[in-house]
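Each chain, letter by letter, is given below.
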Amino acid sequence: MSSNDRQPESVTEEQSVRDALLTYGAPFLGTLLIAIGIAGGVLGGYAVVQTHFDLCGHATIDVYSPDETNQLTAATQRGPFQQFSVDELAPAERRAFEYALDNPRSTGDVRGRFVHRAAFRRGVLVTSGGETHYVTISSANPCLGVDPLLLPLGIVSILLGIGGILTPPLYRRLLEREESEENAG
């Protein structure tokens, strides 16, 4: 019997539902698993390396120029700011302050013991070289608090998603193989 003489087989409702799920549902689910896996893998991977590469845990301070300091202190309704000389600051605070003075963005990371954190959070005045600067914390840079297990779970999710996306072509090959075996036998 030639392929032109074959009678069309009737497709049952169960087969059409299975075909639709394998053709459309599996790739859709696979795409969702890949998206979730990428998000989990990135967050889990970052959680693993953030402390090793010193990417978090350090507060960033902003140091304002003397002119900006005069404008800020004149405009504020709060009581007097706590004042420090640069020599009164802890070594890590002093390094961040001096770095911020030379930095075009006027920011510096406090890497080390931050003794006056509460005062800096409210804003302080620091005197250095006869000039007074307003200094405050602009960012606390906390470490990301996710479970590092997200990295392997994300990788597994990506691999399962790839399997879901590859389901339709694999299913078609399986059907072709069954059909060729039926025709041969």
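Residues numbered from 1 in each chain as written. Predicted model: local features only at pLDDT ≥ 70, side-chain atom pairs only at ≥ 80, totals over all residues. Heavy atoms only, no water.

### Examining the environment of E131
- You can see E131 is positioned in strand β5 (residues 131-139).
- When its relative accessible area of 40% is taken as the criterion, E131 is described as partly exposed.
- For the pair E131 and A92, spaced 39 residues apart in sequence, the C-alpha separation works out to 20 Å.
- Apart from residues no more than four positions distant in its own chain, E131 is found in contact with P66 and V126. (Helix = DSSP H or I, 4+ residues; strand = E, 2+ residues; numbered from the N terminus. Buried < 20%, exposed > 50% of the residue type's maximum accessible area, 1.4 Å probe, protein only. Contact = heavy atoms within 4.5 Å.)

### Describing the state of the cysteines
- Per the counting criterion, the structure on display carries 1 disulfide.
- Put simply, C56 and C143 are joined by a disulfide, and their sulfur atoms are 2.1 Å apart. Linking C56 and C143, the disulfide has an S-S dihedral of approximately 80° and is accordingly described as right-handed. Here the residue C56 occupies a position in the loop between α1 (13-49) and β1 (59-63), and C143 occupies one in the loop between β5 and α5 (150-165), the gap between them amounting to 87 residues. (Disulfide = S-S within 2.5 Å.)

### Remarks on the packing of α1 against helix α6 (residues 167-184)
- Where α1 contacts α6, the axes come no closer than 8 Å and their chain directions differ by 150°. Between α1 and α6, the interaxial angle falls into the category roughly antiparallel. Listed contacts from α6 to R18, D19, L22, T23, A26 and P27 of α1 are T167, P168 and Y171.
- Among the residues forming the contact of α1 with α6, the class breakdown is 5 nonpolar, 2 polar and 2 charged. (Axes fitted to C-alpha atoms, helices over the stretch in contact; angles between N-to-C directions. Parallel < 35°, antiparallel > 145°, perpendicular 65-115°, else oblique. Nonpolar A, V, L, I, M, F, W, Y, C, P; charged D, E, K, R; others polar.)

### Observations concerning the pattern of salt bridges
- Counting across every chain of the model gives 2 salt bridges.
- Among the salt bridges present, the one from R111 reaches D54, with a minimum N-O distance of 2.6 Å. Within this pair, whereas R111 is found in the loop between β3 (107-110) and α4 (117-122), its partner D54 is found in the loop between α1 and β1, the two being separated by 57 residues in sequence.
- When its relative accessible area of 39% is taken as the criterion, R111 is described as partly exposed.
- Among the residues examined, D54 registers a relative accessible area of 37% and is labelled partly exposed. (Salt bridge = Lys/Arg side-chain N within 4 Å of Asp/Glu carboxyl O.)

### Details of the environment of S138
- Along the chain, S138 turns up in strand β5.
- For the pair S138 and D62, spaced 76 residues apart in sequence, the C-alpha separation works out to 6.0 Å.
- Dropping the residues within four chain positions of it, S138 is found in contact with T60, I61 and D62.

### Brief notes about unusual backbone geometry
- Although it is not a glycine, D54 sits at a positive phi angle of roughly 55°.
- With a phi angle near 60°, S106 is a residue other than glycine that sits in the positive phi range.
- Tracing the backbone shows S106 in the loop between α3 (91-102) and β3.
- Note on S106: relative accessible area 26%, which makes it partly exposed.

### Regarding α6
- Its 18 residues give α6 an end-to-end C-alpha distance of 26 Å, which sits within 8% of 26 Å, the value for a rise of 1.5 Å per residue.
- Within the sequence span of α6, burial applies to T167, P168 and Y171. Relative to the axis of α6, the buried residues are bounded by an arc of 95° and lie together on one face. Looking at α6, the residues exposed on the side facing more than 90 degrees away from the buried face are L170, R173, E176, R177, E181, N183 and A184.
- Packing partners of the buried residues in α6 comprise α1 and α5. (Expected span 1.5 Å × (residues − 1). Arc of directions from axis to C-beta.)

Purely spatial values, then, with no claim about function.
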